[in-house]
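Structural overview for review
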Amino acid sequence: MAKRIGVIGIVIDDPKTIVDRVNAIISDYSHIIIGRMGVPRHEENVGVIALIIEGTTDDVGALTGRLGNLPGVTVKSALTARSTTEKGGK
């Protein structure tokens, strides 16, 4: 199945209460994550995470769905039209 390159933006309200669950889910999908940047906004009590990913639309949908189901977590993704294939021509 073709993989696509994209970005996932995550905004976490009151990060201290849920950040462990967010990080656990992100770790479950580490195989599709190329890069990660997190920016705490202490004065706003918000955390922002940007993920650069390369994965199938199924993997990306599963990751964003799990994150989006957490209370206080907002997730948006943007995938490029460019697709890559897995090594070995699969």
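Residues numbered from 1 in each chain as written. Predicted model: local features only at pLDDT ≥ 70, side-chain atom pairs only at ≥ 80, totals over all residues. Heavy atoms only, no water.

**Description of the packing of helix α1 (residues 15-28) against helix α2 (residues 57-68)**
- Following both chains from N to C, one finds α1 and α2 inclined at 170 degrees, their axes separated by 10 Å at the closest point. Classified by the interaxial angle, the pair formed by α1 and α2 is roughly antiparallel. Here α1 contributes Val22, Ile25, Ile26 and Asp28 to the contact with α2, which in turn contributes Leu63, Arg66 and Leu67.
- Residues belonging to the contact of α1 with α2 are distributed by class as follows: five nonpolar, no polar and two charged. (Axes fitted to C-alpha atoms, helices over the stretch in contact; angles between N-to-C directions. Helix = DSSP H or I, 4+ residues; strand = E, 2+ residues; numbered from the N terminus. Parallel < 35°, antiparallel > 145°, perpendicular 65-115°, else oblique. Contact = heavy atoms within 4.5 Å. Nonpolar A, V, L, I, M, F, W, Y, C, P; charged D, E, K, R; others polar.)

**What about the pattern of salt bridges?**
- Counted by the stated rule, this structure contains two salt bridges.
- Its salt-bridge partner being Arg66, residue Asp28 comes within 3.2 Å of it at the nearest N-O pair. Separated by 38 residues along the polypeptide, Asp28 in helix α1 and Arg66 in helix α2 bring together distant segments of the chain.
- Judged by relative accessible area, which is 36%, Arg66 ranks as partly exposed.
- In this structure, the salt-bridge partner of Glu43 is Arg41, at a minimum N-O distance of 3.2 Å. (Salt bridge = Lys/Arg side-chain N within 4 Å of Asp/Glu carboxyl O. Buried < 20%, exposed > 50% of the residue type's maximum accessible area, 1.4 Å probe, protein only.)

**Observations regarding the environment of Arg66**
- Separated by 41 residues in the primary sequence, Arg66 and Ile25 place their C-alpha atoms 7.3 Å from one another.
- Residues in contact with Arg66, not counting those within four places in the same chain, are Ile25, Asp28 and Tyr29.
- Looking at Arg66, its side chain comes within polar contact range of the side chain of Asp28, at 3.2 Å. (Polar contact = N/O pair within 3.5 Å; in protein donor to acceptor, adjacent residues only side chain to side chain.)

**Structural notes on the nonpolar core**
- Among the nonpolar cores identified, the biggest contains 19 residues, and Ile10, Val22, Leu51 and Leu67 are the most heavily contacted of them.
- Sorting elements by how many residues they give to this core places α1 first, with four residues.
- Dropping the residues within four chain positions of it, Val22 is found in contact with Ile12, Ile49, Leu67, Leu70 and Val73. (Core = buried A, V, L, I, M, F, W, Y, C linked by side-chain atoms within 4.5 Å.)

**Describing the sheet that holds strand β1 (residues 3-13)**
- Within the open sheet, the four strands sit side by side as β2-β3-β1-β4. Their pairing is antiparallel. Each edge of the sheet is formed by a strand with only one pairing partner; in this case those strands are β2 (33-41) and β4 (73-84). Averaged over all adjacent pairs, the angle separating strand axes in this sheet is 10 degrees, with direction ignored.
- Summarising the sheet, β1 and β4 pair through nine bridges and their orientation is antiparallel. Directly across from Gly6, in β4, lies its bridge partner Leu79.
- Strands β1, β3 (46-55) and β4 of the sheet are contacted by α2, whose axis makes an angle of about 175 degrees with β4. (Pairing = 2+ DSSP bridges.)

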